[in-house]
Amino acid sequence: MQLIPGEDLTAHVREAFAAAFGHQPAALAKAPGRVNLIGEHTDYHGGLCLPIALPHATWAAVRGRDDTAVRLVSTWGGEWHGTLGERPEGWASYVLGALRAIGHRGGLEVLVDSTVPVGAGLSSSAALICAVALATSSAPVEELVAPCVRAESEEVGAPTGGLDQTVALLGAAGHALLLDFASSARQQVPWEPWRAGLELLVVDTRTRHEHAGGGYADRRRESEDALAARADELSPLHRRRLRHVVSENARVSALVAALHGGDWPRVGALMTASHESLRHDFEVSCAELDAVVDTALAHGALGARMTGGGFGGCAIVLSPVGLRDTVLTEISTAYAARGWPQPAALLATASAPATRL
Ligand code: GLA
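Right, let's walk through the structure included here. (Residues numbered from 1 in each chain as written. Predicted model: local features only at pLDDT ≥ 70, side-chain atom pairs only at ≥ 80, totals over all residues. Heavy atoms only, no water.)

Side note on the overall build of the protein chain
As a reminder of what qualifies: Under the DSSP-based scheme used, a helix requires at least four consecutive residues in state H or I and a strand at least two consecutive residues in state E, with every element numbered from the N terminus. Taken over C-alpha atoms, the radius of gyration is set against a globule rule of 2.2 Å times the number of residues to the power 0.38. Two residues form a contact once any of their heavy atoms are found within 4.5 Å. Values of accessible area rely on a 1.4 Å probe in the Shrake-Rupley scheme; residue burial ignores everything except the protein chains shown. Within this scheme the basic residues Lys and Arg register as positive and the acidic residues Asp and Glu register as negative, but His and the chain ends are omitted. Where a charge lies is defined by one atom per residue type, namely NZ (Lys), CZ (Arg), CG (Asp) and CD (Glu).
Summing up its helical and strand segments, the protein chain has ten helices and 13 strands in all. At 20 Å, the protein chain has a C-alpha radius of gyration in line with the 21 Å of a compact globule built from 357 residues. Projected onto its principal axes, the C-alpha coordinates of the protein chain cover approximately 60 × 50 × 40 Å. Taking contacts inside the protein chain between residues at least 6 apart in sequence as the whole, the part at least 24 apart equals 71%. Counting only carbon and sulfur atoms, one obtains 52% of the accessible surface of the protein chain, whose full area is about 13,600 Å². With 29 positive and 39 negative side-chain charges, the protein chain shows a separation of 2 Å between the mean positions of the two kinds.

Let's talk about the packing of helix H2 (residues 91-101) against helix H4 (residues 141-156)
So the rule is basically this: Fitting a line to C-alpha atoms yields each axis, with helices limited to the stretch in contact; the angle taken between N-to-C directions then spans 0 to 180 degrees. In these notes the angle categories are as follows: under 35 degrees is roughly parallel, over 145 is roughly antiparallel, 65 to 115 is roughly perpendicular, and the rest is oblique. Crossings are classed by handedness, with left-handed meaning an anticlockwise turn of the near helix from the far one by less than a right angle and right-handed meaning a clockwise turn. All amino acids are sorted into three groups, where Ala, Val, Leu, Ile, Met, Phe, Trp, Tyr, Cys and Pro are nonpolar, Asp, Glu, Lys and Arg are charged, and the leftover types, Gly among them, are polar.
Packing of H2 against H4 brings their axes to within 8 Å, and their N-to-C directions diverge by 125 degrees. In terms of orientation, H2 and H4 fall into the oblique class. The chirality of how H2 crosses H4 is right-handed. Where H2 abuts H4, its residues Ser93, Tyr94, Gly97, Ala98, Arg100 and Ala101 lie against Pro147, Arg150, Ala151, Glu152, Glu155 and Val156. In the contact of H2 with H4, the residues fall into six nonpolar, two polar and four charged.

Re the side chain of Ser277
Residue position: Ser277 is located in helix H8 (residues 264-280). The contacts of Ser277, once residues within four sequence positions are left out, are His244, Ser247, Arg251 and Phe282.

Focus on the nonpolar core
This is how the line gets drawn: Take the buried residues of types Ala, Val, Leu, Ile, Met, Phe, Trp, Tyr and Cys, join any two whose side-chain atoms come within 4.5 Å, and each joined set is a nonpolar core. Three labels apply to residues, based on accessible area from a 1.4 Å probe with only protein chains included: buried if under 20% of the type maximum, exposed if over 50%, partly exposed otherwise in between.
One finds Leu72, Val95, Val110, Val132 and Leu169 to be the most contacted residues of the largest nonpolar core, which totals 39 residues. Not counting residues within four places of it along the chain, the set of residues in contact with Val95 comprises Leu72, Val110, Leu128 and Val132. Of all hydrophobic cores here, the second largest spans 34 residues; its members include Leu50, Leu200, Leu255 and Leu259.

Considering the sheet that holds strand E8 (residues 185-190)
Pairing between sheet strands relies on hydrogen bonds along the backbone, with the strands arranged either parallel or antiparallel. For the record, the criterion: Pairing between strands is defined by DSSP: at least two bridges between the two strands are required.
Taken in spatial order, the three strands make up an open sheet running E2-E7-E8, and their pairing is antiparallel. In this open sheet, the two edge strands, each paired with only one partner strand, are strand E2 (48-49) and E8. Both E2 and strand E7 (residues 175-180) contribute to a ladder of two bridges, which runs antiparallel. Across the sheet, residue Leu48 finds its bridge partner in E7, namely Asp180. Sheet strands in contact with helix H5 (residues 163-170) are E2, E7 and E8, and its direction is about 135 degrees off that of E7.

Brief notes about the pattern of salt bridges
Quick note on the threshold: Salt bridge, as used here: a side-chain nitrogen of Lys or Arg that lies within 4 Å of a carboxyl oxygen of Asp or Glu.
Under the counting rule described, the total for this entry stands at 23 salt bridges. A salt bridge links Arg230 to Glu233; the shortest N-O distance between them is 3.6 Å. Judged by relative accessible area, Arg230 falls into the exposed class, the value being 52%. Two residues, Glu276 and Arg279, come together in a salt bridge whose shortest N-O distance is 3.4 Å. In this pair, Glu276 and Arg279 both sit in helix H8, three residues apart, roughly one turn of the helix. Given a relative accessible area of 29%, Glu276 falls into the partly exposed group. Members of the salt-bridge network, linked through shared partners, are Arg219, Glu222, Arg240, Arg241 and Glu283.

Section: the pairing of strand E5 (residues 78-82)
Sheet analysis places strand E4 (residues 70-74) next to E5, joined by five bridges and oriented antiparallel. Bridged to Val73 within E5 is Glu79. As consecutive antiparallel partners, E4 and E5 are separated by three residues.

Comments concerning the site of the ligand
Stated precisely, the cut-off is as follows: Nearness is judged by heavy atoms alone; a residue qualifies as near a molecule or strand once a single heavy atom is within 4 Å of it. Polar contact criterion, stated in full: a pair of N or O atoms within 3.5 Å, where within protein one must be able to donate a hydrogen and the other to accept it, and residues adjacent in sequence count only if both atoms are side-chain atoms. Note on definitions: the grid is 1 Å and covers protein atoms alone; a cavity is a set of points where a 1.4 Å probe fits but cannot get out; a pocket is an open set with protein on both sides within 12 Å along at least five of seven lines; lining residues have an atom within 4 Å of a point. Put plainly, a molecule is in a cavity or pocket when over half of its atoms are within 2 Å of the grid points there. Start and end positions for the domains come from either an automated domain assignment or a database one.
The environment of the ligand is made up of 14 residues, and the closest members are Glu40, His41, Asp43, Asp164 and Tyr216. Within the backbone of His41, one N or O atom sits 2.7 Å away from an oxygen atom of the ligand. Between the ligand and Asp164 there is a distance of 2.5 Å, counted from an oxygen atom to a side-chain nitrogen or oxygen. Here the ligand has 310 Å² of accessible area as a free molecule, and 99% of this is covered by the chains. Most atoms of the ligand, that is more than half of them, are within 2 Å of grid points of the largest cavity. Partitioning the shell around the ligand into residue classes produces three nonpolar, seven polar and four charged. When we break the shell around the ligand down by domain, the ones giving at least three residues each are domain 1 (2-190) and domain 2 (193-347).

Concerning helix H7 (residues 236-260)
Rule in force here: Multiplying 1.5 Å by the helix residue count minus one yields the expected span of that helix.
Taking 1.5 Å per residue as the helical rise, H7 with its 25 residues ought to reach 36 Å, and the 36 Å between its terminal C-alpha atoms agrees with that figure. Of the positions making up H7, those classed as buried are Arg241, His244, Val245, Glu248, Asn249, Arg251, Val252, Ala254, Leu255, Val256, Ala258 and Leu259. Elements in contact with the buried residues of H7: E2, E7, E8, helix H6 (214-228), H8 and strand E10 (303-307). Of the residues one or two after H7, Gly262 is the one with positive phi, at around 65 degrees.

Rendered as structure tokens:
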């Protein structure tokens with residue numbers, strides 16, 4: 001399995017903007033995708049999460065116009081022309097959502113390109129929103145977190161919880177970002193598995209989810225109902241949803257403690273326990289995610305779990321650097337045995353947050 005590269009597209013994006021619009025961009029920014037190490041389906045309940053920013057990122061180049069036309073070009077989804085108030089389908093909705101959320105007025109030219117696999121559960125949508133917001137606005141990065149969260153939850157209408165945009169804007173190289181959505185506290189926690197001869201692989205199952213509808217919104221509603229109900233009113237389903245949320249928050253704290261103590265086997269075990277909880281109690285895993293996790297664990301990984309909203313997307317695998325080929329080959333073989341299209345993989349090193357270029 002080839003690793004998907006996370007190359008620097010800065011020069012390419014400048015050239016592509018000039019080719020598309022006939023002049024240089026006025027501003028350029030990039031924002032990373034993310035993987036969440038642990039703390040899944042907890043952000044919208046005021047819980048704890050521990051994501052890292054990926055080396056894979058989305059670039060946005062922008063320039064204002066004298067009229068009110070908004071002209072968008074993406075290297076993956078063609079072009080969109082219209083005005084700020086419109087609500088198109090697909091990737092353009094995230095760009096317009098970001099522009100409205102930051103209070104942008106007037107016409108704009110925007111060119112976007114990305115190395116974040118789209119729709120794979122690596123927050124390609126948050127990376128797009130944050131890159132466009134950062135390139136267009138001159139506000140301090142910290143002040144863009146709330147508008148970028150609103151861009152997705154209110155403007156686009158995907159009921160996500162804020163973890164993706166927060167780490168895209170405020171993550172740090174070599175660190176995971178401990179987020180407490182109850183108190184809004186944030187803390188950088190060193191994440192350096194290479195010191196112990198380990199690495200974090202991301203395996204894209206190539207099965208896709210849709211946040212704006214379906215399972216994510218259902219799980220959010222079910223667990224909100226469970227948290228609001230009296231203990232004696234809880235159905236077995238609501239008990240399972242609740243047990244995931246409560247136990248997952250405890251696992252985040254335990255994993256941070258294990259990191260501080262350099263206890264990598266415990267870090268791995270907590271990741272795997274998180275997967276089991278998401279699989280059986282929250283029921284957001286799928287056959288492909290389970291196959292990646294089970295295969296990785298059977299061939300030497302210290303821990304593995306689905307990451308992101310679930311129902312497809314990506315799994316993360318914490319394993320010894322020397323076992324990379326074995327683990328990926330065994331996952332490929334498990335896929336082939338089931339007749340599934342081959343998965344893809346990338347190396348997740350904790351990388352820099354969104355930045356103006
Ligand atoms: C998606 C959402 C996040 C979070 C995760 C699950 O990635 O965008 O806000 O809820 O799912 O942890």
